[in-house]
Amino acid sequence: MRLPILAFATGVVVLQMQPELPSYGIWALAGLVLALLAKFLPRKGWQRHVGLVLALSAGFALGVSWAAWRAEIRLAEALPAAWEGRDIELVGVIASLPQEFSQGSRFEFAVEKVSTATIAVPSRIMLSWYQGKREDELYSRPQLRPGERWRLTVRLKRPHGNANPDGFDYEAWLLERGIRATGYVRPDPPQRLDDMVWHPMYAVERLRHHVRERYAAMLPAAEYPLAGVLVALAVGDQRAIEPALWTTFNRTGTTHLMSISGLHVTMVAALFGWLFNQLWRRVPAWVGRYPAQFAGVIAGLVAAVIYALLAGFAVPAQRTLYMLAVGALALLSGRQVAPSRTLSLALLVVLIVDPWAVLAAGFWLSFGAVGALLYVGSASQGANAGWRGRLRQWGVVQWAATLASLPVLLLVFQQFSLVSPLANALAIPVVSFIVTPLALLAAILPWWPLAALAHAVLSGLMLFLEWCARWPVWQGPAPPLWAALAAGIGVAVCLLPRGVPGRTLGLFLMLPALFWPVARPADREVWVTVLDVGQGLATVVRTREHTLIYDPGPLYSAESDAGQRVVVPYLRAQGINRVDVLMVTHRDSDHAGGTASVRAALAVDKLIASTGETDAEPCRAGQGWTWNGVHIEILHPHADDYGEQRKSNNLSCVLRIEAGAHRMLLTSDIEARDEGALLQRDAAKLAADVLLVPHHGSRTSSTPAFIDAVGARHVLVPVGYRNRFGHPKADVIERYDATGARLWRTDRDGALRVRMTDEALSVSAWRSDRQRYWQAHPAAD
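Residues numbered from 1 in each chain as written. Predicted model: local features only at pLDDT ≥ 70, side-chain atom pairs only at ≥ 80, totals over all residues. Heavy atoms only, no water.

Trainee: Please explain the overall build of the chain as it appears in this structure.
Mentor: Secondary structure assignment for the chain yields 26 helices and 26 strands. Taken against the 2.2 N^0.38 rule, which gives 28 Å for 781 residues, the C-alpha radius of gyration of the chain at 29 Å falls within 12% of a compact globule. Dimensions of the chain, computed from C-alpha atoms along their principal axes, come out at roughly 100 × 65 × 55 Å. Burial analysis of the chain (781 residues in total) assigns 51% to the buried set. Restricting to contacts in the chain with at least 6 residues of sequence separation, those with at least 24 account for 70%. (Helix = DSSP H or I, 4+ residues; strand = E, 2+ residues; numbered from the N terminus. Rg over C-alpha atoms; globule rule 2.2 N^0.38 Å. Buried < 20%, exposed > 50% of the residue type's maximum accessible area, 1.4 Å probe, protein only. Contact = heavy atoms within 4.5 Å.)

Trainee: How should I be thinking about the packing of aromatic side chains in this particular structure?
Mentor: The description of an aromatic ring pair rests on the distance of the ring centres and on the angle between the ring planes. Following the criterion strictly, the structure yields 19 aromatic pairs and no others. Seen in terms of ring centroids, Trp66 and Trp69 are 5.3 Å apart; in terms of plane orientation they differ by 50 degrees. Their pairing is tilted. Taken together, the positions of Trp66 and Trp69, both in helix α3 (residues 46-76) and three residues apart, correspond to about one turn of that helix. Classification of Trp69 as partly exposed rests on a relative accessible area of 32%. Three or more aromatic residues joined by ring pairs make a cluster, and in this case those are Phe101, Tyr130 and Tyr184. (Phe/Tyr/Trp six-rings, centres within 6.5 Å; stacked < 30°, edge-to-face > 60°.)

Trainee: What is the right way to look at the nonpolar core in this model?
Mentor: One broad trend across soluble globular proteins is that nonpolar side chains are buried collectively. Tyr215, Phe249 and Leu465 are the most contacted members of the largest nonpolar core, which has 41 residues in total. Of all the secondary-structure elements, those providing two or more residues to this core are α5 (200-218), α6 (227-235), α7 (243-252), α15 (420-444) and α16 (448-469). Considering every element that reaches this core, the biggest residue donor is α15, with ten residues. In this structure, Phe249 is in contact with Val229, Ile241, Thr254, Thr255, Met258, Met462 and Leu465, ignoring residues within four places of it in sequence. (Core = buried A, V, L, I, M, F, W, Y, C linked by side-chain atoms within 4.5 Å.)

Trainee: How should I be thinking about the packing of helix α2 (residues 24-40) against α3 in this particular structure?
Mentor: Helix packing geometry: the angle between the two helix axes and the distance between the axes. Orientation of α2 relative to α3, taken along the N-to-C sense of each, is 155 degrees, at an axis distance of 7 Å. Here α2 lies roughly antiparallel to α3, going by the angle between them. The handedness of the crossing between α2 and α3 is left-handed. Residues that form the contact of α2 with α3 fall into these classes: 18 nonpolar, four polar and one charged. (Axes fitted to C-alpha atoms, helices over the stretch in contact; angles between N-to-C directions. Parallel < 35°, antiparallel > 145°, perpendicular 65-115°, else oblique. Left-handed = near helix turned anticlockwise from the far one by under 90°. Nonpolar A, V, L, I, M, F, W, Y, C, P; charged D, E, K, R; others polar.)

Trainee: Just checking my understanding: could you explain the sheet that holds strand β20 (residues 654-659) for this structure?
Mentor: Sheet strands associate in pairs through backbone hydrogen bonding, adopting either a parallel or an antiparallel arrangement. Pairing within the open sheet is mixed, and its seven strands lie in the order β18-β19-β20-β21-β22-β23-β24. Each of the sheet's edge strands pairs with one partner strand only, and the pair in question is β18 (624-627) and β24 (742-745). If you compare each strand with its neighbour and ignore which way they point, the axes differ by 15 degrees on average. Sheet analysis places strand β19 (residues 630-636) next to β20, joined by five bridges and oriented antiparallel. Among the inter-strand pairings, His636 is bridged to a residue of β20, identified as Val654. On top of the sheet, helix α22 (residues 672-682) reaches β19 and β20; it is set at about 120 degrees to β19, its chief contact. (Pairing = 2+ DSSP bridges.)

Trainee: What is the right way to look at the state of the cysteines in this model?
Mentor: Linking two cysteines covalently through their sulfur atoms gives a disulfide. In total, this model carries one disulfide according to the counting rule given. Across the disulfide, Cys619 is cross-linked to Cys653 (sulfur-sulfur distance 2.3 Å). Linking Cys619 in the loop between β17 (617-618) and β18 with Cys653 in the loop between β19 and β20, this pair joins segments that are 34 residues apart in sequence. Like Cys653, Cys619 is buried. (Disulfide = S-S within 2.5 Å.)

Trainee: Would you take a moment to explain unusual backbone geometry for this structure?
Mentor: Note: most residues except glycine have negative phi, and most peptide bonds are trans. Along the chain, His636 connects to Pro637 via a cis peptide bond; the corresponding omega equals 5 degrees. One can find Pro637 in the loop between β19 and β20. Here His727 and Pro728 are connected by a cis peptide whose omega angle stands at -10 degrees. Residue Arg524 is not a glycine yet carries a positive backbone phi of 65 degrees. Along the chain, Arg524 falls in the loop between α18 (503-514) and β12 (526-530). On the basis of relative accessible area, Arg524 is assigned to the partly exposed category, the value being 40%.

Trainee: When you look at the sheet that holds strand β16 (residues 603-609) in this model, what are you seeing that I'm missing?
Mentor: Strand order in the open sheet formed by eight strands is β17-β16-β15-β14-β13-β12-β25-β26, and the pairing between neighbours is mixed. The sheet is open, and its two borders are formed by β17 and β26 (761-765), each paired with just one other strand. Looking at chain direction, strand β15 (residues 578-584) and β16 are connected through six bridges and run parallel. Residue pairing for β16: Leu582 is matched across the bridge by Leu607. Strand contacts of helix α19 (residues 562-573): β12, β13 (538-542), β14 (547-552) and β15, with the helix running at about 160 degrees to β14, the strand carrying the most contacts.

Trainee: Even after reading the chapter, I still don't get the side chain of Arg656, so can you show me in this structure?
Mentor: Relative to the elements of secondary structure, Arg656 occurs in strand β20. On the basis of relative accessible area, Arg656 is assigned to the buried category, the value being 6%. Within polar-contact distance, the side chain of Arg656 engages the side chain of Glu658 at 3.4 Å. (Polar contact = N/O pair within 3.5 Å; in protein donor to acceptor, adjacent residues only side chain to side chain.)

Trainee: What is the right way to look at the environment of Arg2 in this model?
Mentor: Residue position: Arg2 is located in helix α1 (residues 2-15). Along the sequence, Arg2 and Leu409 sit 407 residues apart, while their C-alpha atoms lie 26 Å from each other. Not counting the four nearest positions on each side in its chain, Arg2 is found in contact with Ala338, Ser340, Arg341 and Ser344.

Trainee: What is the right way to read the pattern of salt bridges from this model?
Mentor: Pairs may arise between side chains of opposite charge once their charged atoms sit close together. Counted by the stated rule, this structure contains 34 salt bridges. Note that Arg149 is salt-bridged to Glu112, the shortest N-O span being 2.7 Å. Within this pair, whereas Arg149 is found in strand β7 (residues 149-157), its partner Glu112 is found in strand β3 (residues 104-114), the two being separated by 37 residues in sequence. Here Arg713 ties to Asp689 by a salt bridge, and the two come within 3.4 Å at their closest N and O atoms. Linking Arg713 in the loop between α23 (704-710) and β23 (714-717) with Asp689 in the loop between α22 and β22 (690-692), this pair joins segments that are 24 residues apart in sequence. On the basis of relative accessibility, which here comes to 44%, the residue Arg713 falls in the partly exposed class. Under the relative-accessibility criterion, Asp689 is labelled buried at 16%. Within the structure, one salt-bridge network assembled from shared partners comprises Glu633, Arg656, Glu658, Arg663 and Lys685. (Salt bridge = Lys/Arg side-chain N within 4 Å of Asp/Glu carboxyl O.)

What follows is the structure, given as structure tokens:
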């Protein structure tokens, strides 16, 4: 049973990597035929091996068909393209815990009725309700609570996220949660129709809201900076944790403890099971009817269900809940079930309920860690008597959990904490057996001393974790998938019992993932990547030994920016931790918003900007340098331009990159007058094979004379999907089309990658290079 389940899981994983959905019917038929053949084939001699192959093939085919069928059903819920960006009146219920951000609130909305025309709106959408002035309209936001029924006028768009190499896939995240449209609430007067719609899941979300509000009242964030961690441990609201704390948790490898994990669910189940068992034993009439052990098992399972729901039913909580359910059923039936069988059954249930769970790093970390613990635990049963043995076993557990997470951390996050075993050795018992019980008790009994005690204990732990965070972190480029898989096999070999020959082979299998080399351009070659950051600009220029950032991207909100969410993760995935030049072309927030995040996360040797910052070298025409045979030159602004009263756009730094016979022109937000000045100074220098379009395709730029002087074969437009400015303008695009140039757009194509050498020039789009079935296809609009 275990091997066919693993084959089923493999089929689910393979399906999630496909650019198009296959026919689930064909795969289902193939799986059933193979399963019948495996069932009725005689189990003797060579036929037994054939039967195993047939069973594994059947499991794989059924995994593909199941995931494809579920995906087809979910993708069928789609907002008509014609209704994107138009006012739609809806009636529905706030179905999740509202998340506060600097400009308003964000929440999931369960649509019950569409009052505008007869259009199909997905049943579950994500809405933002803004506060203050936005797009020349005044928005006001009332206090929102889960379970409320509202009549709202909204504007929606189909799922769309930034598409970058090794970046977060927002569209996959929405798909997993069944959210098939996103949008915002319009200022047309909204109407609260019901204070509470009674439904089990809405009631759970309202309870989570009440707990969060109680903590806010008991522990004001200004006085208790770790209160958000307690909220996360009580109700699974990870967004309550401040970003600076996540940095500490990431560097110490304790992130898994600061949100509700499988360990916490198990602890709650064990605690309630033990308490109910003891209570049951003290009532003879109850014991005479049902054994106390059975009562304790049922009570523990019920507590686990309630806690998992309160936590938001994340993958680690699901996995543990299903494992506990299988174990509870085995105990109640009187059967003994092997731990590995329990884990495999839990895996099957998780994938049946949520075949998209495999897209989350938490899925692999969760099952990998538990599998490793069972693996080493089965090899050391009965071998650790006494306190020394138990201490040794605790060390083995920490070693196994750390080693098991290594391949996933390297593949997804390109780093792992060297101090993680030490940090977890103290953090696991403190958080699991002291902080979490106190946090839950304070949620049930909102008494300030309980919450304050939990905060005090957590504060003491944070002093230790902050010390650990100063230790180095292993960082490297993202290894290829085969290297991560080889590292996983290496982990299994390293965790073999002592005395088994060949354990050192595991270390050799892990070496490619640990020491994967940084990919670099050759001499006289340049790689330019225009990242997909929405409405803004962030570009990375690389030669063999040097890196330049041409704008660090937009500011999204007070809490996040493109530097933090896109630029830094991209560079770390490439194995880059130092930047030679950060060029901030002008002060507009859609170009300069990520500056602080980039400078905080990476070593920046030189800052060149037209923003007037005191520690920046001014951006002036005539500046230039040569890196590894690639010449880079600034063409604008002229030194005299700083003495005039100009818009920030008119001071945008224009960069010319030359690699052999090929050139690229990066123009930021220059406007028509700046294009004219460039033409007047030296029109010949504007000639380029690739052009980064001025000002996102605005009508203020891209004059016919400028377009003709550049003569680009490839035109790149950095633009946000359905942006409020309407960029790029249709008439501007027509001018470029008339030249015969190929048009590339970040909103349609994702990140754009340009490679220039002496002999060759190539441009590629990330959405085409890594197409997935849930993504918008990179075709013309």
